Amino acid sequence: MQASAHRLLVEEASEFIAIVGPDLTITFVNDAVERLVGRRREEVIGQSVTDLVHPDDLDRAFLAITGLDRWGSPNGATSFRLLHGDGTWRTFDITAARIRLDDGTPAFAVYGRPGDYQHALQQILTGLLAGADRSESLTPVLDVVEWRLNDVQVAIAWQEPDGRHAYVSTGLPRPLTGAEDEPGGPWAHVRATGREVHTEELPDLDAGRDAEAARLARGGVWVAPVTDAGSGVPALVTLWTRDGGPPPRGHVMGMTMARGYVELVLRWHHQEAVTKAAARTDPLTGLPNRREFFDALEAERGGGSVLFCDLDEFKPVNDTYGHNVGDAVLREVATRLREVAGAETLLARTGGDEFVVLIPGACPGDGTRVAAAIEDSMAAPFVTDEGPISVGITVGHAHTDGVVGEDTVAEADRALIRAKAAKRRH
């Protein structure tokens, strides 16, 4: 009875169990090796460990085996990549112990279970540090659910900064991923309410989606929201189980980890975008700063006009009323400049009270008209807490039919100096 119970414990275990001889030959594996490693036990017995462990992991494997003799069985698990029957490398959490067989022969007992979640985390972090985009960063998250092993399908959908819905999945068609805005179905409900949807049977879908789910033998579905600070629209993790299979709630650990990793990736990308924007934006006016302007100038490949603008008599505003009032005036100046410069221009604040306008593809007359409009826009007094304040502006205009560059900006600056001098003479 005891021997039978021991055999059942080994053969019915959810992890694979192997016995490895001193020469690293595998002498026994349980049936789980076929389910987890994709190989029949007859195929594995007699093979060397070196034939199954990834070449880059072999040194660590030898070190671990040597350590068993010297220090005994370590606490915890170590991840190794093993060659799956389909030719791919799969990550497993491995523990091992030094044992003796019934005849006294020394051997190693090896226990392994899928470690996709650990490998996924490593890929996620490596990708983020390497500058991977959202799609590349989120693709490894799919593996934390161990979808191949459990015959589930997973999708992650989110909204890009430009408003498009994007997704990654384990092979699901787009209509079953939540990457669309059509009303009805579980995805619209989750986005609208922020509450997850869970059903053990096919949800109420339109005919097209219903047919796609049936074609893929999908049954229950679990759709869960994930906060996305960047877009304000929840990202969605969708988990489909097979028709007639275990309920989606059986994958609570995988779903929990997936949601956490998705939020990590989205927060990272949002913060990265905020940091980049801050480095290129004037914090007072919200306009592009000097760095952004000259980067844009460097990218220009055609002619156009540059307008160099400087406020008249602005220093007395700060001296008389204080910088809070001066800042309020600068913000209003930026607003007026936006209104008259037009959408096709690049407007930037390059100094304290200096602004510059780049008009790509402009003819000389275009620049002259915009310069006049800018001067007219400052005619009305600025309303402040200290009462109305009048501030003028002087514009220096330079044009080139060649490539707009720093020479054009320098010429606009010289034109500004000449215009300032002319105002003083009058």
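Here we summarise the structure given alongside this text. This is a predicted model, so every value here is computed, not measured. (Residues numbered from 1 in each chain as written. Predicted model: local features only at pLDDT ≥ 70, side-chain atom pairs only at ≥ 80, totals over all residues. Heavy atoms only, no water.)

Digging into helix H9 (residues 207–215)
Put simply, the rule reads: In the analysis that follows, any N or O atom pair within 3.5 Å is treated as a polar contact, provided that within protein one partner can donate a hydrogen and the other can accept it, and provided that, for residues neighboring in sequence, both atoms belong to side chains. Where helices and strands are cited, they refer to DSSP runs of H or I of at least four residues and of E of at least two residues respectively, numbered from the N terminus.
Where H9 begins, one side-chain oxygen reaches toward the backbone nitrogen of Gly208, 3.0 Å away; that side chain belongs to Asp206. One or two positions beyond H9, positive phi appears at Ala217, with a value near 55°.

Thoughts on the sheet that holds strand E12 (residues 346–349)
One key point about sheets: their strands pair by backbone hydrogen bonds, in either a parallel or an antiparallel sense. Rule in force here: Strands are treated as partners if at least two bridges between them are detected by DSSP. All axes are obtained by fitting lines to C-alpha atoms, using only the stretch in contact for helices, and the reported angles, taken between N-to-C directions, cover 0 to 180 degrees.
Pairing is antiparallel across the open sheet formed by four strands, whose spatial order is E12-E13-E11-E16. With one partner strand each, in any of the chains shown, E12 and strand E16 (392–400) form the two edges of the open sheet. Averaged over neighbouring strand pairs, the angle between their axes works out to 15° when direction is ignored. As judged from the nine bridges shared by strand E11 (residues 304–312) and E16, these two strands associate in the antiparallel manner. Of the residues in E16, the one forming a bridge with Asp312 is Gly392.

Side note on the environment of Arg336
Convention followed: For each residue, the accessible area found with a 1.4 Å probe, counting protein chains only, is set against the maximum for its type, and the residue is called buried under 20%, exposed over 50%, and partly exposed in between. In this description, contact between two residues means that some pair of their heavy atoms is separated by no more than 4.5 Å.
Mapped onto the elements, Arg336 comes out in helix H13 (residues 323–341). Given the relative accessible area of 11%, Arg336 is considered buried. Sequence separation between Arg336 and Ser377 is 41 residues, and the spatial gap between their C-alpha atoms is 6.3 Å. In this structure, Arg336 is in contact with Ser377, Met378, Ala380, Pro381 and Phe382, ignoring residues within four places of it in sequence. From its side chain, Arg336 meets the backbone oxygen of Pro381 in a polar contact 3.2 Å long.

Let's talk about the sheet that holds strand E6 (residues 153–159)
Strand order in the open sheet formed by five strands is E7-E6-E10-E9-E8, with antiparallel pairing between adjacent strands. Strands with a single pairing partner mark the edges of an open sheet, and in this sheet they are strand E7 (165–169) and strand E8 (197–199). With strand direction ignored, the average angle separating the axes of adjacent strands in the sheet is 20°. Bridge analysis of E8 against strand E9 (residues 218–226) gives three bridges, and the strand direction is antiparallel. Paired with His198 across the bridge in E9 is Trp222. Contacts from helix H10 (residues 252–279) reach E6, E9 and strand E10 (235–242), with the element oriented near 40° to E9.

As for the nonpolar core
Keep this limit in mind: Among the buried residues, those of types Ala, Val, Leu, Ile, Met, Phe, Trp, Tyr and Cys that are joined through side-chain atoms within 4.5 Å form a nonpolar core.
In this structure, Leu138, Val141, Val144, Ile156 and Val262 are the most contacted members of the largest nonpolar core, which totals 28 residues. The element contributing the most residues to this core is H10, with seven residues. In terms of nonpolar packing, the next biggest core, distinct from the first, is built from 27 residues, Leu330, Leu347, Phe355 and Phe382 among them.

Digging into unusual backbone geometry
The phi torsion at Glu146 lies on the positive side, around 50°, for a residue other than glycine. Assignment of secondary structure puts Glu146 in the loop between helix H6 (134–138) and helix H7 (147–150). Positive phi values are uncommon outside glycine, yet Asp151 reaches one of about 55°. Mapped onto the secondary structure, Asp151 falls in the loop between H7 and E6. For Asp151, a relative accessible area of 33% gives the class partly exposed.

Focus on the packing of helix H5 (residues 116–129) against H10
Put simply, the rule is: Any angle that is under 35 degrees is reported as roughly parallel, and any over 145 degrees as roughly antiparallel; angles of 65 to 115 degrees are reported as roughly perpendicular and all others as oblique. In this classification, Asp, Glu, Lys and Arg are treated as charged, Ala, Val, Leu, Ile, Met, Phe, Trp, Tyr, Cys and Pro as nonpolar, and every other residue, Gly included, as polar.
Relative to each other, H5 and H10 sit at 5°, their axes nearing to 11 Å. In terms of axis orientation, H5 runs roughly parallel to H10. Together, Tyr117, Leu121, Ile124, Leu125, Leu128 and Leu129 of H5 and Met257, Tyr261, Leu264, Val265, Trp268 and His269 of H10 make up the contact between the two elements. Residue composition of the contact of H5 with H10, grouped by class: eleven nonpolar, one polar and no charged.

A short note on the pairing of E10
Side chains on a regular strand alternate between the two faces of the sheet. With respect to burial, E10 is a largely interior element, seven of its eight residues being buried. Across five bridges, E6 lies against E10 in antiparallel orientation. Bridge pairing links Ala155 to Thr238 in E10. Note: E9 against E10, seven bridges, orientation antiparallel. Bridging across to E10, Ala224 finds its partner in Val237.

Notes on the side chain of Glu146
The following threshold applies: Counting rule applied: Lys, Arg positive; Asp, Glu negative; His and chain ends not counted. Basic side-chain nitrogens of Lys or Arg form a salt bridge, by our definition, when they fall within 4 Å of a carboxyl oxygen of Asp or Glu.
An unpaired buried charge is present at Glu146: no salt bridge exists, and Arg35, the closest side chain of opposite charge, is 8.1 Å distant. With sequence-adjacent residues up to four places away left out, Glu146 is seen in contact with Pro114, Gly115, Asp116 and Tyr117.

A look at H10
Note the following rule: One fewer than the residue count of a helix, multiplied by 1.5 Å, yields its expected span.
The terminal C-alpha atoms of H10 lie 41 Å apart, and with 28 residues this matches the ideal 40 Å at 1.5 Å per residue to within 8%. Here H10 has its buried residues at Gly254, Met255, Met257, Ala258, Tyr261, Val262, Val265, Leu266 and His269. Looking at the buried residues of H10, the elements they touch are H5, H6, E6, E9 and E10.

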